[in-house]
Structure formats: C-alpha cells, structure tokens
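Listed below are the residues making up each chain.
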Amino acid sequence: MENNKRPESMARINTKALADKFIDEQVKLLQKQVGKKKVLLALSGGVDSSVVAALLIKAIGKQLVCVHVNHGLLRKGEPEQVVEVFRNQMKANLVYVDATDRFLNKLAGVADPEQKRKIIGAEFIRVFEEEARKQDGIEFLAQGTIYPDIIESKGVKAHHNVGGLPADLQFELVEPLRFLYKDEVRMVGSALGLPDGMVYRQPFPGPGLGVRCLGAITRDRLEAVRESDAILREEFAKNGLEGKVWQYFTAVPDFKSVGVKDGARTFAYPVIIRAVNTVDAMTATVEEIPYELLKHITQRITTEVKGVNRVLYDLTPKPSGTIEWE
Ligand code: XMP
C-alpha cells in the first residue's frame, strides 16, 4: 500500500527555487511512472486539477488527455479560460464537453440541495466515463488530491472527487500533489506559469452555481447568479478585496419581490451577497465590505442583471449559517 504520510524530510515549498526543484523531481518521476502511456485527467479549472495538468503537460505533453466538463454551472468566463490556458497557450490535449443541457435537464424541478448535489456528481461521472471510453489506451488517471484531502478524510473536497468510475475503468492513479499543502500547490502552479487568476482563486464548490441558484434551478435565475457573481468578483478585484476575502459569491433565491423601475412596478428576484473569512471552512466570519462599495455593487447588479430588483447582504457568520446557502 502506498504511504500516505508526507515524508518528514520534505521541505516546505515556500520559494520559487523550491517550487522549481519540486517540479524537476516530479517531472522525472512522472516520466518514469507513465513511460509512453496515456493519462486521463478531469480538469475542472480549479487550482488543484489545473496544477496537476500543468505539471503533467510539462512531463508528458500530449500523452495527457484533459477532459473539461462544462456542467453549465461554472462561473462566467471559466470554461473559456480553461480552453485558452490549456489548449491555446499550453498546447494540451484537451477535450471540452459542453454538457449544460444534459445537466440542466436532469436537474429540472429538483429543489432539494442534497438531491441536486447527487445528480450533479453522478452526471459528472457519467459524462467523464463516456469521454474516457472514447479514448484509446488510457492506463492512468491523474487526480488533484492534495495533502489536506488525505489527512482530513472528511474534508470539504470529499464531496466532489471523481471516484466512482466503473470497474473496467479503474486506472492506476497519478497524484503528484498528494503531499502538498494548498499554499505549496499555488507556489508550484505559479512556477509552472499558470495565471494568478487560476492559481489564487477562491474555493468553488463542485456543484458550482447549482447550489447558489436556490431551489429548483431555472435558466433565468442561473444567469442572474452568474452575472451578479461576475460583477461582485470584478468589483472585489478592482477594490483590492480579491485575495483578501476567503470566499465571496452571490446566490439567487426562488422567490420574487415587488420593486419599481422607470416608474413601473416590477416583480423580480433578489440577489444575496455573501463574503466570508475562515481558516478551515468549519466556522466563518463575515467580511465588512465598505458601505460605499456595497452601494456601488447594488447599483450595478440592479441595473445590469436581468430579472433582479433587490440586493441583500448576508450578515450571518458560520454558525449559525453555513457558508453556502444550500
Ligand atoms: P458550507 O456551506 O458547508 O461550506 O459552510 C464550507 C465550504 O465547502 C464548500 N462546499 C462544497 N464544496 N462540494 C464542494 O466541493 C460541495 O457540495 C460543497 N458544499 C459546500 C463551500 O463552498 C465552502 O467553501
């Protein structure tokens, strides 16, 4: 059985030189492990899978097959960024699957949060499995497992690993980041030339905007979540809050309220802003966003996002609220 304990002799990777050294060592190890064979990777565009991809591209180039499943619940610009960085810039062998309709059809009318998670997780595996079957000669499956995933078996990531492929698709695992902490993964990602926006991005749940479009997902509210989230992120970046606040996003509930626009009555959705700080996601405090900025974001969301007439700011710490709304 593989040793799951980080070697005591392993130095903390906290400089570019140490990251470069780790990369050199891993490239050699990966080349030795994989030889001339092919490796499959589910590339979400999150920090861990992106760093694994970049490392493997450096080690084995086009022997790596990356599969990016767009489940239609990603943030604005994310699928495009994955294609731009990995296919266009890094010249990776990338299969891009737009499975939006498939996921949204499966999710239609489903309001229970855990049921939504199950459907998204199961459908993800199904799409990934179908893509895996189209590939010839895959012998390895790469995963962005990192050290906290191993030591905290109940870690937040446990929800969305890509386990669960059928028995005939049980490939040998390639997990080059398994002894790294998150800050080390980021350091290695930067040293590999990944953009800051990818390496330093905030945590994003596997079910994505699916658990922020509250209740049964509808396309109009999903668009409202995506557009309001993009405005929030843009304003946080402009105002120096990106990288300072641990996690920030918007959610759209499944009820409407009365409002007024251009002298006429509206009946539209509210957008909820959430911005929290935490160390381990078990408890969290609310970020004190400057009031002027909150007002500006509210103004932008209510004028730019279709079907929205109010903005609310969630002041609830965890506990009693969770970070996500579902
Ligand atoms: P809660 O809402 O439980 O969230 O306070 C704690 C952290 O976990 C993330 N989260 C998830 N991540 N799949 C994930 O990969 C999920 O189903 C999921 N649910 C919550 C959440 O974004 C926060 O960072």
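Here is what the cut-offs are and how they apply
- Throughout this document, residue positions are counted from 1 along each chain, in the order its sequence is written.
- Selection of residues for local features in this predicted model requires a pLDDT of at least 70, selection of side-chain atom pairs for listing and counting requires 80 or more, and totals for whole chains, interfaces and linings are taken over all residues.
- Heavy atoms throughout the structure, all of them, feed into the side-chain values; hydrogens and water do not.
- Secondary structure elements are taken from DSSP: a helix is a run of H or I of four residues or more, a strand is a run of E of two residues or more, and numbering for both begins at the N terminus.
- Here the globule rule reads 2.2 Å times residues to the power 0.38, and the radius of gyration is calculated from C-alpha atoms.
- Think of it in three bands: residues with accessible area under 20% of the maximum for their type are buried, residues over 50% are exposed, and the middle band is partly exposed, with areas taken using a 1.4 Å probe on protein chains only.
- Here the open area of atoms and residues is found with the Shrake-Rupley method and a 1.4 Å probe, where only the protein chains shown may cover a residue.
- His residues and chain termini do not enter the charge count, which takes Lys and Arg as positive and Asp and Glu as negative.
- By convention, the charge on Lys lies at NZ, on Arg at CZ, on Asp at CG and on Glu at CD.
- A 1.4 Å probe that fits into a set of points on a 1 Å grid over the protein atoms alone but cannot get out defines a cavity; an open set with protein on both sides within 12 Å along at least five of seven lines defines a pocket, and lining residues are those with an atom within 4 Å of a point.
- Grid points are joined across faces, edges and corners, and a volume is the space filled by probe spheres set on the points.
- Under the convention adopted here, Pro, Cys and the residues Ala, Val, Leu, Ile, Met, Phe, Trp and Tyr are nonpolar, Asp, Glu, Lys and Arg are charged, and Gly plus all remaining residues are polar.
- Under the pairing criterion, centres of Phe, Tyr and Trp rings, with the six-membered ring standing for Trp, must be within 6.5 Å; the plane angle then separates stacked pairs below 30 degrees from edge-to-face pairs above 60, leaving the rest tilted.
- Any two residues whose heavy atoms approach within 4.5 Å at even a single point are treated as in contact.
- Helix axes use the C-alpha atoms of the stretch in contact, all axes being lines fitted to C-alpha atoms, and the angles between their N-to-C directions lie in the range 0 to 180 degrees.
- Between 65 and 115 degrees an angle is taken as roughly perpendicular, under 35 as roughly parallel, over 145 as roughly antiparallel, and anywhere else as oblique.
- For this analysis, a nonpolar core means a set of buried residues of the types Ala, Val, Leu, Ile, Met, Phe, Trp, Tyr and Cys, connected via side-chain atoms within 4.5 Å.
- Strand pairing is assigned whenever DSSP detects at least two bridges linking the two strands.
- In this scheme the crossing of two helices becomes right-handed for a clockwise turn of the near helix relative to the far one and left-handed for an anticlockwise turn of less than a right angle.
- Here a polar contact means two N or O atoms within 3.5 Å. Within protein one must be a hydrogen donor candidate and the other an acceptor candidate, and residues neighboring in sequence count only if both atoms are side-chain atoms.

(A) Local environment of the overall build of the protein chain. On a plain count of helices and strands, the protein chain comes out with ten helices and ten strands. Relative to its length of 326 residues, the protein chain is compact, with a C-alpha radius of gyration of 21 Å against a globular reference of 20 Å. By its C-alpha atoms, the protein chain is 70 × 40 × 35 Å across when sized along the principal axes. The buried share of the protein chain, reckoned over its 326 residues, is 51%. Taken as a whole, the protein chain presents about 16000 Å² of accessible surface, with 53% of it coming from carbon and sulfur. The protein chain carries 46 positive and 44 negative side-chain charges, and their two centres are separated by 1 Å.

(B) Structural detail: the layout of surface pockets. In this structure, the second largest pocket spans a volume of roughly 530 Å³. Contributing elements (two or more residues each) for the lining of the second largest pocket: α1 (16–34) and β5 (172–174). When residues of the lining of the second largest pocket are assigned to their parent elements, the largest contribution, eight residues, is made by α1. A class-by-class count of the residues in the lining of the second largest pocket yields twelve nonpolar, two polar and five charged.

(C) Molecular detail of the packing of aromatic side chains. Counted according to the given criterion, the structure contains four aromatic pairs. Between Y147 and F179 the ring centres are 5.9 Å apart and the planes differ by 75 degrees, which places this aromatic pair in the edge-to-face class. Of the two residues, Y147 is situated in helix α6 (residues 147–151) and F179 in the loop between β5 and α7 (182–191); the sequence distance between them amounts to 32 residues. When its relative accessible area of 6% is taken as the criterion, Y147 is described as buried. For F179, a relative accessible area of 14% corresponds to the buried category. Here the aromatic residues Y147, F179 and Y181 are joined through ring pairs into a cluster of three or more.

(D) How the structure looks around unusual backbone geometry. Along the chain, K318 connects to P319 via a cis peptide bond; the corresponding omega equals -15 degrees. Within the secondary structure, P319 sits in the segment after β10 (308–313). For the bond from P319 to S320, the omega torsion is 20 degrees, close enough to zero to count as cis. Relative to the helices and strands, S320 resides in the segment after β10. Unusually for a residue other than glycine, D262 sits at a positive phi of about 50 degrees. Here D262 shows up in the loop between β7 (257–261) and β8 (264–277). Residue D262 is classed as exposed on the basis of its relative accessible area of 76%. Positioned with a positive phi, A281 is a non-glycine residue whose angle comes to about 70 degrees. Structurally, A281 can be placed in the loop between β8 and β9 (285–286).

(E) Just α7, in detail. Residues E184, V185, R186, V188, G189 and A191 constitute the buried set of α7. Next to the buried residues of α7 lie α1, α2 (47–60) and α8 (196–199). Just downstream of α7, G193 is the residue with a positive phi angle, here 90 degrees.

(F) Just the packing of α1 against α7, in detail. As a packed pair, α1 and α7 sit with axes 9 Å apart at the nearest point and diverge in direction by 80 degrees. Here α1 is positioned roughly perpendicular relative to α7, judged by the angle of their axes. Residue-level contacts link K16, A19, D20, F22 and I23 of α1 to M187, V188 and A191 of α7. Taken together, the residues of the contact of α1 with α7 break down into six nonpolar, no polar and two charged.

(G) Up close: the environment of A99. Relative to the assigned elements, A99 resides in the loop between β3 (93–98) and α4 (100–107). A99 gets classed as buried once you look at its relative accessible area, which sits at 5%. Residue contacts for A99: discarding those within four places in its chain leaves V69, N70 and V127.

(H) Highlighting the nonpolar core. By size, the foremost hydrophobic cluster in this structure holds 52 residues, and its most contacted members are L40, F128, F236, I289 and I301. Listed in part, the 41 residues of the second largest apolar core include V27, V39, L41 and V47.

(I) Molecular detail of the pairing of β7. The pairing of β7 with β8 spans five bridges and is antiparallel. Bridge pairing links V258 to F267 in β8. Taking the residues between adjacent antiparallel strands as the criterion, β7 and β8 are bridged by two residues, where D262 takes a positive phi near 50 degrees.

(J) Examining the packing of α4 against helix α5 (residues 113–134) more closely. For the pair α4 and α5, interaxial distance at closest approach is 10 Å and the crossing angle is 145 degrees. As α4 packs across α5, the resulting crossing turns out to be right-handed. From α4, R102, F103, K106 and L107 reach across to α5, where they touch K116, I119, I120, E123, F124, R126, V127 and E130. Counted by class, the contact of α4 with α5 contains six nonpolar, no polar and six charged residues.

(K) Local environment of the side chain of R117. Of note, R117 is situated in helix α5. A distance of 3.1 Å separates the side chain of R117 from the side chain of E114, its partner in a polar contact. Dropping the residues within four chain positions of it, R117 is found in contact with P207, V211 and E326.

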